[in-house]
Amino acid sequence: MSTANTLAATAGGVSENHGSLHIGDLEVNFFDSVEERGDFPPIVLVHGTGGSTRSHFSFLFPMLAARQRVVAVDLATPQGPPEEGTARMAEQVQAVIEKVLPARPVTLAGYSLGAVVAATAAGARPDLVGGLVLMAGWLKTDAQQRLRNDVWHALRQSDAAALRRYQAFCAFSAPLLAMLSEGEIEALVASFRTDDVMAAQMEINRHVDLTEIAPKITCPTLIVAGTDDLMTPFRQSKRLFGAIADARYTEITSGHAMVVERPAELVHLIAAFNADPNEYPAGATLPARRP
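Residues numbered from 1 in each chain as written. Predicted model: local features only at pLDDT ≥ 70, side-chain atom pairs only at ≥ 80, totals over all residues. Heavy atoms only, no water.

### A word on the overall build of the protein chain
Quick note on the threshold: Only DSSP runs of H or I covering at least 4 residues are called helices, and only runs of E covering at least 2 are called strands; the numbering of each starts at the N terminus. For the radius of gyration, the atom set is restricted to C-alpha positions; the globular benchmark scales as 2.2 Å times the number of residues to the power 0.38. Here the term buried applies to any residue with accessible area under 20% of the maximum for its type, exposed to any over 50%, and partly exposed to those in between, with areas from a 1.4 Å probe on protein chains only. Areas reported as accessible are Shrake-Rupley estimates using a 1.4 Å probe. Residue values count occlusion only from the protein chains shown. For this count, His and the chain ends are skipped, Lys and Arg are scored as positive, and Asp and Glu as negative. Charge placement uses NZ in Lys and CZ in Arg. For Asp and Glu, CG and CD serve respectively.
For the protein chain, the count of helices and strands is twelve helices and nine strands. For 291 residues, the compact-globule formula gives about 19 Å, and the C-alpha radius of gyration of the protein chain, at 18 Å, lands near that figure. The dimensions of the protein chain, computed from C-alpha atoms along their principal axes, are 50 × 45 × 40 Å. Put simply, the protein chain has 291 residues, and 53% of those count as buried. Of the accessible surface of the protein chain, which amounts to about 12,400 Å², a share of 55% is contributed by carbon and sulfur atoms. Here the protein chain contributes 24 positively and 32 negatively charged side chains, and the mean placements of these two sets differ by 3 Å.

### A closer look at the packing of helix 3 (residues 85–100) against helix 4 (residues 113–124)
For clarity, the cut-off: Angular values range over 0 to 180 degrees, each being the angle between N-to-C directions of two axes fitted as lines to C-alpha atoms, with helices fitted over their stretch in contact. Roughly parallel means an angle under 35 degrees; roughly antiparallel means over 145; roughly perpendicular covers 65 to 115; every other angle is labelled oblique. Pairs of residues are marked as contacts when any of their non-hydrogen atoms sit within 4.5 Å.
One can describe the packing of helix 3 onto helix 4 by two numbers: an axis separation of 8 Å at closest approach and a directional angle of 70°. On the basis of their axis angle, the class for helix 3 and helix 4 is roughly perpendicular. Side by side, helix 3 and helix 4 meet where Thr86, Ala87, Met89, Ala90, Val93 and Gln94 of the first sit next to Leu113, Val116, Val117, Thr120, Ala121 and Ala124 of the second.

### Some details on the packing of helix 5 (residues 143–158) against helix 6 (residues 160–171)
Spelled out, the test is: Each residue is assigned to one class: nonpolar for Ala, Val, Leu, Ile, Met, Phe, Trp, Tyr, Cys and Pro, charged for Asp, Glu, Lys and Arg, and polar for all the others, Gly among them.
Across the interface, helix 5 lies against helix 6 with an axial gap of 7 Å and an inter-helix angle of 150°. Taken together, the axis directions place helix 5 and helix 6 in an arrangement best described as roughly antiparallel. Between helix 5 and helix 6, the contacting residues are Arg148, Val151, Trp152, Leu155, Arg156 and Ser158 on the first element and Ala160, Ala162, Leu163, Tyr166, Gln167 and Cys170 on the second. Of the residues in the contact of helix 5 with helix 6, the class split is eight nonpolar, two polar and two charged.

### Here's the deal with the domain arrangement of the protein chain
Filter applied, for reference: The split of the chain into domains comes from an automatic or database domain assignment. Summed over both partners, the accessible area (1.4 Å probe) lost when two parts come together is defined as the buried area. Here a salt bridge means any side-chain nitrogen of Lys or Arg lying within 4 Å of a carboxyl oxygen belonging to Asp or Glu. In protein, a polar contact means a hydrogen-donor-capable atom and an acceptor-capable atom, both N or O and within 3.5 Å, with residues adjacent in sequence counting only if both atoms are side-chain atoms; elsewhere, any N or O pair within 3.5 Å suffices.
Along its sequence, the protein chain is organised into domain 1 (17–139 + 209–275) and domain 2 (143–200). On a C-alpha basis, the centroid separation for the pair domain 1 and domain 2 is 23 Å. Facing 17 residues of domain 1, the contacting portion of domain 2 comprises 15 residues. For the pair domain 1 and domain 2, the two sides together bury roughly 1,300 Å², of which 57% comes from carbon and sulfur. Ranking the residues of domain 1 by area buried against domain 2 places Leu230, Met231 and Glu261 at the top, with a combined share of 43%. On the surface where domain 1 and domain 2 come into contact, there are zero salt bridges. Where domain 1 touches domain 2, the interface holds eight residue pairs in polar contact (both at pLDDT 80 or more). A class-by-class count of the residues in the side of domain 1 that touches domain 2 yields six nonpolar, eight polar and three charged.

Structure representation (structure tokens):
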């Protein structure tokens, strides 16, 4: 593992550094807002399936960085058995934390597959993680999720255009899709990946099982579920809520793509939790917010 480089960049008016680590034959990129603000713990963001810091956290990164330091990890897709995929990705997150934010517990916030990876990292290395936010995550891939995974792979073999439309249909809530123009729908459809990296991560998704990891998570945790999530239905977030001892639970009105549909609400939830993870006790359901 070695540091490769750092490059200055800017996103959303917030200065950031881009760096990378080598872990075996994988290059893991990360982005660091660098500037310390206030006494709040730094937040580490982990994106979801087929995503990146740019595609999933273009709003969350700069908005959260206005109040505290933020680091975001671009996961590299490991080779090898898919059953080991989340553990290999969690090692990438752990390595970035140890390199960039040594000797200071962080608040680790993961979305979708990133939530699974973040939970795995928190269970394996509790010394690195002082708080955990799991957005649209899941405990163990179930039959309904495997069925969707089957359809994804079948469409990839037969009709890539239909696969992109299927992804848009599954990712976004019905109320959001209903109010978009035809052009906006087509823009969403075109944004989805169907390449080999996405296929490999879908195979990792198929084998997720955190039932042994979740009881090892000891830090305060916030579970965020989307009410209209077809990919990781809120029953999966409730399973995480039940499996992690020091967890709180909340729902937002969104499909799976909550980082796109409800970014401002997520910024509020993550920042408030980071400022005071124990504002609500373990086992609490956060009060519903007005629509």
